[in-house]
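# Architecture at a glance
Given next are the chains, with one letter for each unit.
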Amino acid sequence: MKIGIGASNDVKETVARCKEVGVSSVYISCSSMKGFRENGYPELDCLLRLREGLEKEGIDATSATYWFAKWPDRRFRPGATNPDILLTRNRECIDAMAKMLEVLGKAGVTSILHYIDLGKPDDPSQEDPCWEGLIDIYSELVPIAENHGIGIGTHSLHRLLADGVRERAVDSGMRIEDYNTYRAEGWGGPFLVGTWKELRCLIAAVPSPSNGITLCTGMDIPGGDVVDLVREFGEKIHFCQLRDHTGRWPEGIEVPPGEGTMNLKAIVAALSEMGFSGVVNPEHLGKPRYEGEDLVKVAVGYVRGLLDG
């Protein structure tokens, strides 16, 4: 396993940052690249220049990150993406996602961190039709990924509550069992794909070597046993994120790796046991504990200790 961080769109800047924190792998943000705002996918030439420039400097850049159905922008409650595409099957959006996969494949990207932050519809009677739509769209996209040798690592929306929202939720008696139903300003949820359970359903509904998950230790937030989930999903793990927190939803707070309740050592051991040889990416690192603290550098150092140990 190797350690990765996010790339900027500047080769020199990214290389310098990799050297500073001591990594040789990055993932590319599709939405930040030229062409995405206009078309819903990056221009191939720009993506190739970035990736090839990084590779020449010894930086592996075969991973990318993308948010499902974020383009074109559609209003919804803050913190979640409008699920309307699942009901309308909007071709502009679906075709852009298909083109995204084609462009990434041509650029040599083999692993995608694929966020789904679709909110559950306001009308509960539309939830099942939304799921049908999600499966239909995945059924169209996954074969494209498979043809290009891309592993889609779908990331469920397991999210901790922001300051202020968290205190109100706890004071009102919210419990972890309320994760998939809780609604509040500043939260965004509930989410259509909010836990590992929905990931399990999505993978079963569209079977393919390319249809997999992002193994994020945040799966613990709504109650998942991450070590067991590593063993369950195994070869379906196409991307990996390591994060830590002080507890599960709703009380938990993000903290640097090693400062919270997650047994990251056991999770890394399980990944190794299952033969995962990809990149692990420290994420959601909490707040700096003193002015100028480089949380990414601290997290990389901690994760390196886990891998070396």
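Residues numbered from 1 in each chain as written. Predicted model: local features only at pLDDT ≥ 70, side-chain atom pairs only at ≥ 80, totals over all residues. Heavy atoms only, no water.

## Details of the packing of aromatic side chains
Defined as follows: Two aromatic rings from Phe, Tyr or Trp, using only the six-membered ring of Trp, form a pair when their centres are within 6.5 Å; if the ring planes differ by under 30 degrees the pair is stacked, by over 60 it is edge-to-face, and anything between is tilted. Numbering of helices and strands runs from the N terminus; a helix is a DSSP stretch of H or I covering at least four residues, while a strand is a stretch of E covering at least two. Burial status follows relative accessibility: with a 1.4 Å probe on protein chains alone, a residue under 20% of its type maximum counts as buried, one over 50% as exposed, and anything between as partly exposed.
According to the stated counting rule, one finds 10 aromatic pairs in the structure shown. Measuring from ring centre to ring centre gives 4.1 Å for W67 and Y115, while their planes differ by 15°; the resulting arrangement is stacked. Of this pair, W67 sits in strand β3 (residues 60–67) while Y115 sits in strand β4 (residues 111–115), and the two are 48 residues apart along the sequence. Judged by its relative accessible area of 11%, Y115 falls in the buried class. For the ring pair Y182 and W249, a centre distance of 5.5 Å and an interplane angle of 65° mean the geometry is edge-to-face. Of this pair, Y182 sits in the loop between α7 (165–171) and α8 (196–205) while W249 is found in the loop between β8 (244–245) and β9 (254–255), placing the two residues 67 residues apart along the sequence.

## Some points on the pairing of strand β10 (residues 279–282)
The condition that has to hold: For two strands to be treated as a pair, DSSP must find at least two bridges joining them.
The side-chain alternation of β10 yields two buried faces, one formed by V279 and N281 and the other by V280 and P282. Bridging between strand β1 (residues 2–6) and β10 involves 2 bridges; their strand directions are parallel. Bridge pairing in β10 places I3 opposite V280. In this structure, strand β7 (residues 237–242) lies alongside β10, joined through 3 bridges in parallel fashion. Within the sheet, the bridge partner assigned to Q241 lies in β10 and is N281.

## Here we look at the layout of surface pockets
So the rule is basically this: Cavity and pocket criteria rest on a 1 Å grid covering protein atoms alone: a 1.4 Å probe that fits but cannot get out defines a cavity, protein on both sides within 12 Å along at least 5 of 7 lines defines an open pocket, and an atom within 4 Å of a point defines a lining residue. Grid points are joined across faces, edges and corners, and a volume is the space filled by probe spheres set on the points. Gly is put with the polar residues, along with every residue not named as nonpolar or charged; the nonpolar set is Ala, Val, Leu, Ile, Met, Phe, Trp, Tyr, Cys and Pro, and the charged set is Asp, Glu, Lys and Arg.
In this structure, the largest pocket encloses a volume near 340 Å³. Taken together, 19 residues form the lining of the largest pocket, with R159, L160, R243, E254 and H284 sitting closest to its centre. Taken as a whole, the second largest pocket encloses approximately 190 Å³ of empty space. Lining of the second largest pocket is provided by 14 residues; of these, S63, S111, H238, G278 and V279 occupy positions nearest its centre. Secondary-structure elements contributing two or more residues to the lining of the second largest pocket are β3 and β7. Here the residues of the lining of the second largest pocket sort into 5 nonpolar, 6 polar and 3 charged.

## Brief notes about the state of the cysteines
As a reminder of what qualifies: Note on terminology: pairs of cysteine sulfur atoms within 2.5 Å are recorded as disulfides.
Counting across every chain of the model gives 0 disulfides. Of all cysteine sulfurs in the structure, the one in C130 sits closest to C93, which takes part in no disulfide; the separation is 13 Å. Take C93: its relative accessible area is 1%, and that puts it in the buried class.

## Regarding the packing of α8 against helix α9 (residues 226–233)
Stated precisely, the cut-off is as follows: Structural elements are reduced to axes, namely lines fitted to C-alpha atoms, with helices fitted over the stretch in contact, and the angle between N-to-C directions of any two is expressed from 0 to 180 degrees. Note on angle classes: values under 35 degrees are labelled roughly parallel, values over 145 roughly antiparallel, values of 65 to 115 roughly perpendicular, and the remainder oblique. The contact rule is simple, with two residues in contact once any of their heavy atoms fall within 4.5 Å.
Interaxial distance between α8 and α9 falls to 12 Å at its minimum, and their mutual angle equals 5°. On the basis of the axis angle, α8 is roughly parallel to α9. Contacts between α8 and α9 involve W196, L199, R200 and I203 on the former and, on the latter, L229, E232 and F233. When grouped by side-chain class, the residues that make up the contact of α8 with α9 number 5 nonpolar, no polar and 2 charged.

## Here's the deal with the pattern of salt bridges
Put simply, the rule is: Counted as salt bridges are all cases of a side-chain nitrogen of Lys or Arg within 4 Å of a carboxyl oxygen of Asp or Glu.
Overall, the coordinates contain 21 salt bridges when judged by the stated rule. Among the salt bridges present, the one from R74 reaches D84, with a minimum N-O distance of 2.7 Å. Here the residue R74 occupies a position in the loop between β3 and α4 (84–88), and D84 occupies one in helix α4, the gap between them amounting to 10 residues. When its relative accessible area of 26% is taken as the criterion, D84 is described as partly exposed.

## A word on empty space enclosed by the protein
It is a probe the size of a water molecule, rolled over the atoms, that shows where empty space is left. Applying the stated criterion across every chain, the model contains 1 cavity of 30 Å³ or more. A volume near 70 Å³ is recorded for the largest cavity. As for the largest cavity, its lining consists of Y66, M97, M100, L101, H114, Y138, L141, V142 and I152. Taken together, the elements giving at least two residues each to the lining of the largest cavity come down to α5 (91–106) and α6 (127–147). Residue composition of the lining of the largest cavity, grouped by class: 8 nonpolar, 1 polar and no charged.

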